[in-house]
Structures are given as C-alpha cells and as structure tokens.
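Next come the chains, spelled out residue by residue.
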Amino acid sequence: MAPKAAACDALTRSDKLDPAVGTRLSLGECNEGLGHTASAWAAYNDAFALATQRNDASRANVAKKRADALEPKLARLTIHVTTGSSPSTTGAHRPPIRP
C-alpha cells in the first residue's frame, strides 16, 4: 500500500476510535491528495458537522470552504424512471473500467 493511502487508512481508523474535527480535516486533505474527490468532500462535510456541533466556528469555516471548493468537481448521476416502470426491471450499467 502506498504511504499516502496508508495514512488515509490510519486517519479513518483513528476517527472511528475518537472522532475529531482535525482528524476529519486531515482525512479530507489526504483523500484529496489521492484524487478521491468524493471521499474528500464527504470528510470535509463530516468535519463541518462535527465542528458546528462542538461550536468550533473557525474550523467549521475551513471545512465548509474546502467542501464547497470540491463540490463542482463531484460526479453527478441523474436517473429518470418512467411512470409504470418496475423496480425489478430498472437498472443502471456502466462500461468496464480500463486499467
């Protein structure tokens, strides 16, 4: 495992044991460095929620700014289901990912 990926894993484990705003901000930075935009965005939003809950306005502001900066880069998927479609026959497929 690459050092940066190992660091992200360690931060995730640490946050599960003792949730902390700083850990979540670091996890966001770590995932952002790996190019994992959605995971970074989620970590920043988690940091914002925790900082808000703990009345840490300064770090809530940092987390919100970082999440907002990533939001335009997130992939979006919209699924339109026609009236009368059966959930059992509705599906989504994507082409295989090439290495």
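Residues numbered from 1 in each chain as written. Predicted model: local features only at pLDDT ≥ 70, side-chain atom pairs only at ≥ 80, totals over all residues. Heavy atoms only, no water.

**Q** Could you clarify how one ought to interpret the confidence of the model for the protein chain in this entry?
**A** Of the residues in the protein chain, 98% reach a pLDDT of 70 or more, and the chain-wide mean stands at 90. Mean pLDDT per element in the protein chain: helix α1 (residues 3-17) is the minimum at 92, and helix α4 (residues 57-70) is the maximum at 98. (pLDDT = per-residue confidence, 0-100. Helix = DSSP H or I, 4+ residues; strand = E, 2+ residues; numbered from the N terminus.)

**Q** Help me understand the nonpolar core, please; the structure alone is not making it clear to me.
**A** Looking at soluble globular proteins, one finds that nonpolar side chains tend to be buried together. Counting residues in hydrophobic clusters, the biggest one holds 11 residues: Val21, Leu25, Ala40, Tyr44, Ala47, Leu50, Ala51, Ala60, Ala63, Ala67 and Leu70. The leading source of residues in this core is helix α3 (residues 37-53), at five residues. Non-local contacts of valine 21, meaning those with residues more than four positions away in its chain, are made with Ala47, Leu50, Ala51, Arg54 and Arg59. (Core = buried A, V, L, I, M, F, W, Y, C linked by side-chain atoms within 4.5 Å. Buried < 20%, exposed > 50% of the residue type's maximum accessible area, 1.4 Å probe, protein only. Contact = heavy atoms within 4.5 Å.)

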